[in-house]
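Working through the structure, step by step
What follows is the residue order along each chain.
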Amino acid sequence: MKSIKLTYTLIIGLLLTGISTLSYAQTDEYEMDGMTFGMPEAEVFTEDYDGPPVVGDHLSMLPNLEPLNYEGNKTHDVRIDILAQEIEVADGVKYEAWTFGGTVPGPVLHVKEGDRITFTMKNRSDEEVTITEPTKEGSPFMQQVAQNNFMNAEEATMPMPHSMDFHAGTVAKDDKWRTIGPGESIKFDWVANYPGSYIYHCGTPSVLMHTAMGQHGVVVVSPKDGYDTGYEVDKEYVVVQSEYYLKKGSGDMYQYDFEAAQNRNPSHVVFNGHQTILHDQPLKANAGDRIRLHVSNNGPSGTSSFHVIGAIFDRVWLEGHPFNEMRGMQTVLLGASSSATIDLIVPEEGKYILIDHEFADAEKGATGTLKAGPRKK
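Residues numbered from 1 in each chain as written. Predicted model: local features only at pLDDT ≥ 70, side-chain atom pairs only at ≥ 80, totals over all residues. Heavy atoms only, no water.

**Examining the overall build of the protein chain**
- Within the protein chain, the secondary structure is distributed over seven helices and 28 strands.
- The globule rule puts the C-alpha radius of gyration for 377 residues at 21 Å, and the 20 Å found for the protein chain is close to it.
- In terms of overall dimensions, the protein chain has a C-alpha envelope of 60 × 55 × 45 Å along the principal axes.
- By the burial criterion, 56% of the 377 residues in the protein chain qualify as buried.
- A sequence separation of at least 24 residues applies to 74% of the contacts in the protein chain between residues at least 6 apart.
- Taken as a whole, the protein chain presents about 16,300 Å² of accessible surface, with 48% of it coming from carbon and sulfur. (Helix = DSSP H or I, 4+ residues; strand = E, 2+ residues; numbered from the N terminus. Rg over C-alpha atoms; globule rule 2.2 N^0.38 Å. Buried < 20%, exposed > 50% of the residue type's maximum accessible area, 1.4 Å probe, protein only. Contact = heavy atoms within 4.5 Å. Areas by Shrake-Rupley, 256 points an atom, 1.4 Å probe, with all protein chains shown as cover.)

Here you go:
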C-alpha cells in the first residue's frame, strides 16, 4: 500500500499542474425535446468545510431508496465528499478504500426525471474523517451509516487526485468531471434528462483502479410519469454488483492487485459492497408482494447474469427506462455500467437467492437473500 501512496503522490503535482492551465467556455442553457442542456461552468475552489461528508434529502444507504414526496421538478443540493476509509469487504478482508462519502458503494441518489442537481464535492482524501459519529444536525445518510456500520469503517488518509462522473448527467466531461486535488472542491449543475438507473464513478486515470478501489455508486432517476403497470409496488430496493481486486498486504490489511485487475480476475464479486451483507441483512418482503429491484452492475470490468432463484422477472426495464420493457425474464444480462429495473412477484413464503448466474462470480460472493414472510390477509 505504501508503494501506491508514493506513486500517486508523485503524479498529483503533474496532474494538477496540467489541470490548472485548462480554461472552459461559459455555456448558455437551452431546451431540446423537453430536456435541458448547457449547464453553467463548474467552479473549482477551496473551502474550510469540515462537516458531514454526505448532505442531501434524497440520499440513502444501500439497499434503501429514499422516497420522492414532491410534485414537479425539484432542485437538489447534494454534497458527496471524497474520503479514504479502512473498510471490511468480507470476513477478515479489510483494505484502505477510496470512497464517495465513506462507504462502498457510495450513497444512492434518488431524483425525478427533469430534476436539477447542484452538486458539491470536496476532495478530503488528506483528512481523517469519521463517518460513524454524525452530529445531531448531520445528514440522514450519515445517520444511517452510524446505525449500520457493517463495513467496520475507520478513518484513514491517502492524498490522491479524484473526480466525479455521473452517467446520469449530460454535460461536457472536461468541465464537470474534471479532476481536483486534495483540499480542493468542485461545484456544478446537471439535469436528470433521462429516466433510469445510472452508475457514478471517479473518472481520474486509472479509472479501473479508482473504481475498483471503491469510488462508485448509483443514481436512480424515476420517470416523471412512472412506469405503466396498473399495480402498486410493495417494496423497492437497490442492488449493486461490483468487483474487488485485492491481495494480502502488510499486517492484516489487503491492497489493490494491479495484475489481477488488468486480467479481470477479481478476488471478490459482491452485492452492495460486502460479500455477505445481503445474507446477514436480507431483503424483506411477504408472499404475494410485488418487489421492485433497481439492479446496477458497477463493474468495473465484469458482466452480471442477474437471477433470483425461485422467481421469474414479471417486468424488466433495461437501464430503468420505461420504454425498454421486457416481460417474463429468468435472467438479465448486464455489462459493466449497465442496469435494469426489475419487478417480480414473490410466489410464497420462504427464502429466494439473488445470484449472478455466472457461477464463478457467485462463488466469489455475488449472492444475497430475499426473505419472504407469509402473505398478508
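Still more to cover.
**Here we look at the pairing of strand S25 (residues 331-334)**
- Only one face of S25 is buried, namely the one carrying Val332 and Leu334, since none of Thr331 and Leu333 on the opposite face is buried.
- Of the pairings in the sheet, the one linking strand S22 (residues 304-309) to S25 comprises four bridges and is antiparallel in character. Residue pairing for S25: phenylalanine 306 is matched across the bridge by valine 332. (Pairing = 2+ DSSP bridges.)

**Here we look at empty space enclosed by the protein**
- Scanning the model with the defined rule gives one cavity of 30 Å³ or more in all.
- In this structure, the largest cavity occupies an estimated 120 Å³ of space.
- Lining the largest cavity we find 16 residues, and of these Met61, Thr103, Val104, Phe150 and Met151 sit closest to its centre.
- Looking at side-chain class alone, the lining of the largest cavity contains 10 nonpolar, six polar and no charged residues. (1 Å grid on protein atoms, 1.4 Å probe; cavity = no way out; pocket = protein on both sides within 12 Å on 5 of 7 lines; lining within 4 Å. Points joined across faces, edges and corners; volume = space filled by probe spheres on them. Nonpolar A, V, L, I, M, F, W, Y, C, P; charged D, E, K, R; others polar.)

**Here we look at the sheet that holds strand S15 (residues 216-222)**
- An order of S5-S9-S15-S14-S12 is seen for the five strands of this open sheet, with the pairing classed as mixed. This sheet does not close on itself; its edge strands, each paired only once, are strand S5 (59-60) and strand S12 (165-166).
- The pairing of S5 with strand S9 (residues 108-112) spans two bridges and is classified as antiparallel. The residue bridging serine 60 from the neighbouring strand is valine 108, located in S9.

**Some points on unusual backbone geometry**
- Of note, the amide linkage connecting leucine 62 to proline 63 takes the cis form, showing an omega dihedral of 5 degrees.
- Residue position: proline 63 is located in the loop between S5 and strand S6 (75-80).
- Between proline 205 and the following residue, serine 206, the backbone shows a cis peptide bond with an omega angle of -10 degrees.
- Relative to the elements of secondary structure, serine 206 occurs in the loop between strand S14 (196-201) and helix H4 (207-212).
- The backbone phi angle of glutamate 319 is positive, close to 60 degrees, even though this residue is not glycine.
- Residue glutamate 319 is classed as partly exposed on the basis of its relative accessible area of 30%.

**Focus on the side chain of histidine 307**
- Here histidine 307 shows up in strand S22.
- Its relative accessible area of 13% is what places histidine 307 among the buried residues.
- Among the polar contacts listed, one links the side chain of histidine 307 to the backbone oxygen of glutamine 330, at a separation of 2.6 Å. (Polar contact = N/O pair within 3.5 Å; in protein donor to acceptor, adjacent residues only side chain to side chain.)

**Re the pattern of salt bridges**
- According to the stated counting rule, one finds 15 salt bridges in the structure shown.
- Note that aspartate 81 and arginine 79 form a salt bridge whose closest N and O atoms lie 2.9 Å from each other. Just as aspartate 81 is buried, arginine 79 falls in that class too.
- Here arginine 327 ties to glutamate 325 by a salt bridge, and the two come within 2.7 Å at their closest N and O atoms.
- Glutamate 325 gets classed as partly exposed once you look at its relative accessible area, which sits at 30%.
- One network of salt bridges, with partners in common, ties together Glu47, Arg79, Asp81, Lys122, Arg124 and Glu127. (Salt bridge = Lys/Arg side-chain N within 4 Å of Asp/Glu carboxyl O.)

**Considering the sheet that holds strand S21 (residues 290-299)**
- With mixed pairing, the six strands of this open sheet are ordered in space as S19-S16-S21-S26-S23-S24. Single-partner strands in this sheet number two, and they are strand S19 (268-271) and strand S24 (325-329). If you compare each strand with its neighbour and ignore which way they point, the axes differ by 20 degrees on average. (Axes fitted to C-alpha atoms, helices over the stretch in contact; angles between N-to-C directions.)

**A word on the environment of threonine 369**
- Here threonine 369 lies in strand S28 (residues 367-373).
- You can call threonine 369 buried: its relative accessible area is 8%.
- Sequence separation between threonine 369 and aspartate 91 is 278 residues; the distance between their C-alpha atoms is 18 Å.
- Once you skip the residues sitting within four places of it in the chain, threonine 369 turns out to touch Leu278, His279, Pro282, Leu283, Lys351, Tyr352, Ile353 and Leu354.
- At 2.7 Å, the side chain of threonine 369 forms a polar contact with the side chain of histidine 279.

**Considering the layout of surface pockets**
- In this structure, the largest pocket encloses a volume near 300 Å³.
- Taken together, 16 residues make up the lining of the largest pocket; nearest its centre are Leu62, Pro63, Asn64, Asn148 and Gln281.
- The set of elements that each furnish at least two residues to the lining of the largest pocket consists of helix H2 (140-147), helix H6 (277-280) and strand S20 (283-286).
- For the lining of the largest pocket, a count of residues per class yields nine nonpolar, six polar and one charged.

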